[in-house]
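One letter stands for each residue in the lines below.
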Amino acid sequence: MNKLFLLQKIKLDRRFIPFLLLLIFCFFVYLPGIAELPVIDRDEAHFAQATKQMLQSGNFFQIRFQDQTRFRKPPGINWLQALSVKLWSSADSIAIWPYRLPSTFGATCSVLLIYFFASRFSSRKTAFLAAMMLASSLLLVTEAHMAVIDASLLLTVVIMQGALWLIWNDKQRSGVQYFLWLIFFWLALSAGLVLKGVTALVAILSIITLSIWEKDWRWLKDLHVFYGLIFVAGITFCWLYFVNQAEHSNYLWQMLHRDLLPKLQG
């Protein structure tokens, strides 16, 4: 009996070895230089300064760079950075590394989740290689060292797309696991909206493409689209309302007018 328990424990532990190896690799690739590298570009400086002013003023719904309101992005990344600074540093510190930790965390979790999701429909070896390729890509290594949105946004996209695939692939359409991934899908979509907003476009295009390719629209009822959209709209309305109140302006319109539309025109 003891031998059987030991064999089961060893077998269970072996499942976590790829996660442990990926985690160690991410630490060796993402952590070096995170404190020594100076501010890399203008966006990093702007995000960090806006977060610093949030912490100093105590108003977490005002997104300002010096005396100018940043009608650029939603406040999600600033909130993550503010939490990181609260945990590991202080608003008076000039160190940049606490503002970079959300990106490092987002990149690392994205790598681990890529392995987790890929191993569900492919071999563990293939999933591990896919995760290693992502972890070692120059772009992700760079983003993991910067106090910007992209690595955190990647995490929301990976969770959303992985959950969407599992919902689609679930044959029973019921049970705890199905509802858990359903919650993760809508939560990741909401988190992506408060970070940048493009996550919704990724979800919409994925759902439309999958439905057209498979010639099946009936599965949308398994997404509980109506209740999901109410959930996402409720969360989005809450943070938009408080940001509008803090800035005495229509923040969404200003963001679209000053940031998104000029980029689309360009």
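Use the structure listed above.
Computed from a predicted model, the values in this text were never measured in an experiment.

A. Up close: the overall build of the protein chain. Counting its regular elements, the protein chain contains eleven helices and two strands. Helices (α) and strands (β) of the protein chain occur, in sequence order from the N terminus, as α-α-β-β-α-α-α-α-α-α-α-α-α. Within the protein chain, the proportion of its 266 residues that are buried is 40%. When contacts within the protein chain are restricted to residue pairs at least 6 apart in sequence, long-range pairs at least 24 apart make up 74% of them. Summed over its atoms, the accessible surface of the protein chain is roughly 15600 Å², and 68% of this surface lies on carbon and sulfur atoms.

B. Up close: a nonpolar patch on the surface. Taken together, the side chains of L180, I183, F184, L187, F231 and I235 present a nonpolar region at the surface, about 470 Å² in accessible area. Considering each element in turn, the nonpolar patch owes the most residues, four residues, to helix 8 (residues 176-195). Residue placement: I235 occurs in helix 10 (residues 225-247). With a relative accessible area of 32%, I235 lands in the partly exposed category.

C. Up close: the side chain of K52. Looking at the secondary structure, you find K52 in helix 2 (residues 42-57). There is no salt bridge for the buried K52, and the closest opposite charge comes from D92, which lies 6.0 Å off by N-O distance. In this structure, K52 is in contact with A91, D92, S93, I94 and Y99, ignoring residues within four places of it in sequence.

D. View of helix 2. The terminal C-alpha atoms of helix 2, which comprises 16 residues, lie 22 Å apart, in line with the 22 Å expected from a rise of 1.5 Å per residue. Contacts from the buried residues of helix 2 go to strand 1 (64-65), helix 3 (76-88) and helix 4 (97-121). Of the residues flanking the start of helix 2, the one acting as N-cap is D41, its side-chain oxygen 3.4 Å from the backbone nitrogen of D43. Phi for G58, located one or two positions after helix 2, is positive at around 80°.

E. Structural view of the packing of aromatic side chains. Scanning the entire structure with this criterion turns up 15 aromatic pairs. For the ring pair F61 and W79, a centre distance of 5.7 Å and an interplane angle of 80° mean the geometry is edge-to-face. Residue F61 is found in the loop between helix 2 and strand 1, and its partner W79 is found in helix 3; the two are separated by 18 residues along the sequence. Residue F61 is classed as partly exposed on the basis of its relative accessible area, which comes to 28%. For the ring pair F116 and F117, a centre distance of 5.3 Å and an interplane angle of 65° mean the geometry is edge-to-face.

F. Structural view of the packing of helix 2 against helix 3. It is at 9 Å that the axes of helix 2 and helix 3 come closest, and there the two elements cross at 65°. Along this stretch, helix 2 crosses helix 3, giving a crossing that reads as right-handed. Contact with helix 2, carried on its side by F47, A48, A50, T51, M54 and L55, involves I77, N78, W79, Q81, A82, V85 and K86 of helix 3 and no other residues of that element.

Calculation rules
- Position labels on residues start from 1 in each chain and follow its written sequence.
- This being a predicted model, a pLDDT of at least 70 is required before a residue's local features are given, and a value of 80 or more before pairs of side-chain atoms are given or counted; all residues contribute to the totals for chains, interfaces and linings.
- Only heavy atoms go into the side-chain values, all of them from the structure, while hydrogens and water stay out.
- Elements are defined by DSSP. Helices are runs of H or I of four residues or more, strands are runs of E of two residues or more, and each kind is numbered from the N terminus.
- A 1.4 Å probe rolled over the protein chains alone gives each residue an accessible area, and that area as a share of the maximum for its type sets the label: buried under 20%, exposed over 50%, partly exposed in between.
- Throughout, a contact is declared for two residues whenever any of their heavy atoms are within 4.5 Å.
- Here the Shrake-Rupley method, with its probe set to 1.4 Å, supplies the accessible areas, and only the displayed protein chains count as covering residues.
- Exposure above 30% relative accessible area and the lack of any salt bridge qualify a residue for a patch; like charges then connect within 9 Å, and the nonpolar side chains Val, Leu, Ile, Met, Phe, Trp and Tyr within 5 Å.
- Every case where a carboxyl oxygen of Asp or Glu lies within 4 Å of a side-chain nitrogen of Lys or Arg is listed as a salt bridge.
- Charge assignment in this entry is limited to Lys and Arg as positive and Asp and Glu as negative, and neither His nor the chain termini are counted.
- Multiplying 1.5 Å by the residue count of a helix minus one yields the expected span of that helix.
- Any pair of nitrogen or oxygen atoms within 3.5 Å is treated as a polar contact; in protein, a donor-acceptor pairing is required on top of that, and neighbouring residues in sequence qualify only through side-chain atoms on both sides.
- Classification of ring pairs uses Phe, Tyr and Trp, with its six-membered ring standing for Trp, and accepts pairs whose centres are within 6.5 Å; under 30 degrees between planes counts as stacked, over 60 as edge-to-face, and the remaining range as tilted.
- Whenever a helix is involved, its axis is fitted only over the stretch in contact; in every case the axis is a line through C-alpha atoms, and angles between N-to-C directions fall within 0 to 180 degrees.
- Crossing handedness is read from the near helix: turned anticlockwise from the far helix by less than a right angle, it gives a left-handed crossing, and turned clockwise, a right-handed one.

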